[in-house]
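Tertiary structure, described
Spelled out, the chains give:
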Amino acid sequence: MSELRVRFAPSPTGYLHVGGARTALFNWLLARNRGGTFILRIEDTDVERSTKESVNAILEGMKWLGLEWDEGPFYQSDSFQLYKEHVQTMLDAGKAYKCCCTAAELEAKRNLAMQEGRKPKYDGTCRDRTDLPDSQPYVVRFRAPHTGVTSFDDLIKGTITFPNEELDDLIIQRTDGTPTYNFCVVVDDASMKITMVIRGDDHVNNTPRQIQLYEALGFPVPEFAHVPMILGSDKTRLSKRHGATSVIAYRDMGFLPEALLNYLVRLGWSNGDDEIFSRDEMIKKFDIRNVGRSASVFNTEKLLWLNAHYIKYGDPERLADLLLPHISKRKVTTLGGPDLMTVVKTLQERAQTLEEMAERAVFYYNAPENYDDAALAKFDNDHLMAVFEAVPRKLTSAAYDISGIDALFKEICTENGWKMGQVGQPIRIALSGGTQAPGIGEIVVTLGVEETVRRIQKAREFVAAKK
Ligand code: GLU
């Protein structure tokens, strides 16, 4: 079997969305699985809609996900000469022809066909014309076969057959000399020696035309795998209406790339009942033939679940690096505060996203300005004062570890006849402002004794002022 060559060919008319990312992922996985080559091609022939910002956003998304490409990025806009040459080859071989029909003529013919209940298809006026006027603007049309069928065995969808009579004589070059979309795709895929085209199933209808063009140009036809689309929870095509669809928006919301990749690989593909796949496992197990035929529904809950998993088991040092921008975004500085990696360790057990983790990390760096009144109101002020005095009195050493703190709090409870919750909750409120915080031992060790005592004293003053 020849070497596998696949490509991801986004049009730079927007950011990298999750659907595109999944297509890229499937291509990348297959290339890595089979020792093939993964090519990135930017399809920017639509000059009006393509932007440099979109190209950058796409590259940024790919890099963040770690979908590194082996060749490219190639830009279609750099290949106009190549397309022109192939148009000429087609003309010279009689496989394409010039057509001078004007827009108004075509419009009139289309209307007539509609009125007569026929399919509005180019009627072939110029197909065999030999008297084309030299001076008139022309398009170049593909001399498509009008009988028989064009058929292909899609690796996901099975055999798909189109009757050729339904396919038009496609315009391959416009009057201004620019090539059209389907023609460029074929010339590119052929010149890049692509052996398998994996793309969204919105391109199924382009495939028979493209196959005919491959054949006319004398190029080998690649294999095709059309990936079913992603739907929103209401079963319509996933779009902005359903929330974020941009890969970078997921990064900014605090998702880890490995969680998004793991989520995307399972969207349409399965390997038994397995849910968690590291990059290496995905590469080892991925097979395009196991991609399902039906559309998949995007499920944010599941993505959150996977993200929580990867946060929980993630390397604290790396998580700290990834967390930092989420903290800085809150105008909080970690300078002079506890070591961020230690903070991460106290929070990774429970955070679903890095945003959530950042939100919960803030109290380590900014002492609470306010306290959760409802939580404080569960205790009477005399008890709070007693706790806020007893604990600092006992915190005498500077070097406790978590079990040391736990033991100390047990001791305080025994000495005063308190239950753990009667001490733990007030202290948690004093240290963090609320009750949603890690274990007391973790907080005290992370903040350090000095800062802990300072915060408890501040809370004590707050309660004293209320008395
Ligand atoms: N540029 C096309 C798109 O973004 C992909 C074309 C292809 O993969 O053949 O939908």
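Before reading on, note that the structure itself is shown above.
Below is a summary of the structure that appears in this document.

Conventions used here
- Residues numbered from 1 in each chain as written.
- Predicted model: local features only at pLDDT ≥ 70, side-chain atom pairs only at ≥ 80, totals over all residues.
- Heavy atoms only, no water.
- Helix = DSSP H or I, 4+ residues; strand = E, 2+ residues; numbered from the N terminus.
- Rg over C-alpha atoms; globule rule 2.2 N^0.38 Å.
- Contact = heavy atoms within 4.5 Å.
- Areas by Shrake-Rupley, 256 points an atom, 1.4 Å probe, with all protein chains shown as cover.
- Lys, Arg positive; Asp, Glu negative; His and termini not counted.
- Charge placed at Lys NZ, Arg CZ, Asp CG, Glu CD.
- Pairing = 2+ DSSP bridges.
- Axes fitted to C-alpha atoms, helices over the stretch in contact; angles between N-to-C directions.
- Salt bridge = Lys/Arg side-chain N within 4 Å of Asp/Glu carboxyl O.
- Buried < 20%, exposed > 50% of the residue type's maximum accessible area, 1.4 Å probe, protein only.
- Core = buried A, V, L, I, M, F, W, Y, C linked by side-chain atoms within 4.5 Å.

Assigned secondary structure in the chain consists of 19 helices and 12 strands. Its C-alpha radius of gyration of 32 Å places the chain more than 25% over the 23 Å reference for a compact globule of 467 residues. Summarising its shape, the C-alpha atoms of the chain cover approximately 105 × 45 × 40 Å along the three principal directions. Taking the contacts inside the chain whose residues are at least 6 apart along the sequence as the reference set, 76% of them involve residues at least 24 apart. Surface exposure of the chain reaches about 22400 Å², of which carbon and sulfur atoms provide 50%. Of the side-chain charges in the chain, 58 are positive and 65 negative, and the distance between the mean point of each set is 2 Å.

Here we take up the sheet that holds strand 3 (residues 71–75). Read from one edge of the open sheet, three strands run 1-2-3, paired in parallel fashion. At either margin of the open sheet sits one strand with a lone partner, and together these are strand 1 (5–8) and strand 3. Here the average twist between neighbouring strands, direction ignored, is 25°. Where strand 1 lies against strand 2 (residues 37–42), four bridges are found, and the strand directions are parallel. Within strand 2, the residue paired with F8 across the bridge is L40.

The subject of this paragraph is the pattern of salt bridges. A complete count under the given rule lists 35 salt bridges for this structure. In this structure, E43 and R41 form a salt bridge, with 2.8 Å as the shortest nitrogen-oxygen distance. Since its relative accessible area comes to 4%, E43 is described here as buried. One connected set of salt bridges, linked through shared partners, spans R7, R41, E43, D188 and D189.

Time to look at helix 5 (residues 181–191). Of all the 11 residues making up helix 5, nine are buried; the element is thus mostly covered by neighbouring parts of the structure. All of the buried residues along helix 5 are N182, F183, C184, V185, V186, V187, D188, D189 and A190.

Among the structural elements, T452 can be located in helix 19 (residues 449–466). Looking at T452, the relative accessible area reads 1%, which means it is buried. For T452, the residues in contact, after removing those within four places along its chain, are L395, L431, V444 and L447.

Moving on: the nonpolar core. Nonpolar side chains tend toward joint burial in soluble globular proteins. Counting 108 residues, the largest nonpolar core has F26, M62, I288 and I427 as its most contacted members. If one sorts the elements of this core by residue count, helix 1 (residues 18–33) sits on top with nine residues. If we ignore the near neighbours within four places in the chain, the residues touching I427 are V387, F388, V391, F409, I440 and I456.

Further remarks concern unusual backbone geometry. With an omega dihedral of 0°, the bond running from G72 to P73 counts as a cis peptide bond. Not every positive phi belongs to a glycine, and K193 is a case in point at roughly 55°. Checked against the element boundaries, K193 lands in the loop between helix 5 and strand 9 (196–200). On the basis of relative accessibility, which here comes to 59%, the residue K193 falls in the exposed class. For K331, which is not glycine, the phi dihedral falls at a positive 55°. As for its placement among the helices and strands, K331 is situated in the loop between helix 11 (316–328) and helix 12 (340–347). Relative accessible area serves as the criterion here: at 75%, K331 is assigned to the exposed category.

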